[in-house]
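# Fold and geometry: a report
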Amino acid sequence: GQQVMQIPQYQHVQEGEDFTTYCNSSTTLSNIQWYKQRPGGHPVFLIQLVKSGEVKKQKRLTFQFGEAKKNSSLHITATQTTDVGTYFCAGDFGNEKLTFGTGTRLTIIP
Amino acid sequence: DSGVTQTPKHLITATGQRVTLRCSPRSGDLSVYWYQQSLDQGLQFLIHYYNGEERAKGNILERFSAQQFPDLHSELNLSSLELGDSALYFCASSAYSGSHEQYFGPGTRLTVT
């Protein structure tokens, strides 16, 4: 079936360190979206990547979509306590639904 | 505030019972999606409706059903509840069908005892 694998499951970093989460799909994606869910909250849309090799930046966040459109990454530079939460990638296989990765829970050590 | 509303916020019920969760999408959004999130788990897609029509189904149990009404609000019906159905149920909406960002509601936390 169409699955999106995401690693790592958990990441604990010192404040100020960088953080990266990775997503992989066994089949080509139409596009990939990223969401953030704060503890006790709901997922919030961050970005959508559509083109092969696309790189987008949002302040300290850098999103990449692989050349084969099968993998993606989210990199946060110099983490802050406000970055705490679970980051989900969500793959679109062109079938009217999103397949969410298992998420990476980021905790920050002050 | 995403503009998506869900009621109730919390629901506690017994095994074997039936409940209805309600979702109102953002103004103007035609698509509604339902997800289940168990404790410390990811988001499991249940079903997608667009303008009243079912567009995609995930691993939704036969005991679960949903519909989208002419005013575009949606209801998720869960019957013959089991302990394992305890979870957070999110509704999300988007402007159209297909590849568009989804706006999530605050969720309904269902506890089956």
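Refer to the structure presented above.
### Structural notes on the nonpolar core
- Ranked by internal contacts, the top residues of the largest apolar core, which has 21 residues, are Val19(B), Leu21(B), Trp34(B), Leu76(B), Leu78(B), Tyr89(B) and Leu110(B).
- Of all the secondary-structure elements, those providing two or more residues to this core are strand S3 (19-24), strand S4 (31-37), strand S5 (44-50), strand S7 (64-68), strand S8 (74-78), strand S9 (87-94) and strand S11 (108-112) of chain B.
- What Tyr89(B) contacts, discounting residues up to four positions off in sequence, is Gln6(B), Leu21(B), Tyr35(B), Gln36(B), Leu46(B), Phe64(B), Leu76(B), Leu78(B), Gly107(B), Thr108(B) and Leu110(B).
- Membership of the second largest hydrophobic core comes to 20 residues, among which are Leu61(A), Phe63(A), Phe65(A) and Cys89(A).

### Notes on the interface of chain A and chain B
- Counting from both sides, the interface comprises 19 residues of chain A and, opposite them, 23 residues of chain B.
- At the boundary of chain A with chain B, total buried surface from both sides reaches about 1600 Å², with 52% on carbon and sulfur atoms.
- For chain A, the biggest contributors to the area lost against chain B are His42(A), Glu96(A) and Phe100(A); these three give 35% of the whole.
- Our count for the chain A to chain B interface comes out at one salt bridge.

### Quick notes on the pairing of S3(B)
Residue and element names in this part refer to chain B.
- Where burial is concerned, the two faces of S3 differ: the one with Val19, Leu21 and Cys23 is buried and the one with Thr20, Arg22 and Ser24 is not.
- As paired strands, strand S1 (residues 5-7) and S3 are joined by three bridges and run antiparallel to one another. Residue Gln6 lies in a different strand from S3, and its bridge partner there is Cys23.
- Sheet analysis places S3 next to S8, joined by five bridges and oriented antiparallel. Bridging from a neighbouring strand, Arg22 pairs with Glu75 of S8.

### Quick notes on the pattern of salt bridges
- What the rule picks out here adds up to eight salt bridges over all chains.
- For Asp83(A), the salt bridge is made with Arg60(A), and the minimal N-O distance between the two is 2.9 Å. Here the residue Asp83(A) occupies a position in the loop between strand S8 (71-76) and strand S9 (85-92), and Arg60(A) occupies one in the loop between strand S6 (55-58) and strand S7 (61-65), the gap between them amounting to 23 residues.
- Given the relative accessible area of 4%, Asp83(A) is considered buried.
- We classify Arg60(A) as partly exposed; its relative accessible area is 23%.
- Residue Glu53(B) is joined to Arg55(B) by a salt bridge in which the shortest nitrogen-to-oxygen separation is 3.5 Å.
- A relative accessible area of 46% places Glu53(B) in the partly exposed class.
- Take Arg55(B): its relative accessible area is 31%, and that puts it in the partly exposed class.
- Through salt bridges with shared partners, a single ionic network connects Glu96(A), Glu53(B) and Arg55(B).

### Considering the pairing of S8(A)
Residue and element names in this part refer to chain A.
- Across six bridges, the pairing between strand S3 (residues 19-25) and S8 is antiparallel. Counted as the bridge partner of Tyr22 is Ser73 from S8.
- Relative to S8, S7 is paired through five bridges, and the arrangement is antiparallel. Bridging across to S8, Leu61 finds its partner in Ile76.
- Between the antiparallel neighbours S7 and S8 lie five residues, among them Lys69 with a positive phi of about 55 degrees.

The rules behind these values
- Residues numbered from 1 in each chain as written.
- Chains lettered and ligands numbered in written order.
- Predicted model: local features only at pLDDT ≥ 70, side-chain atom pairs only at ≥ 80, totals over all residues.
- Heavy atoms only, no water.
- Core = buried A, V, L, I, M, F, W, Y, C linked by side-chain atoms within 4.5 Å.
- Buried < 20%, exposed > 50% of the residue type's maximum accessible area, 1.4 Å probe, protein only.
- Helix = DSSP H or I, 4+ residues; strand = E, 2+ residues; numbered from the N terminus.
- Contact = heavy atoms within 4.5 Å.
- Buried area = accessible area lost by both parts, 1.4 Å probe.
- Salt bridge = Lys/Arg side-chain N within 4 Å of Asp/Glu carboxyl O.
- Pairing = 2+ DSSP bridges.

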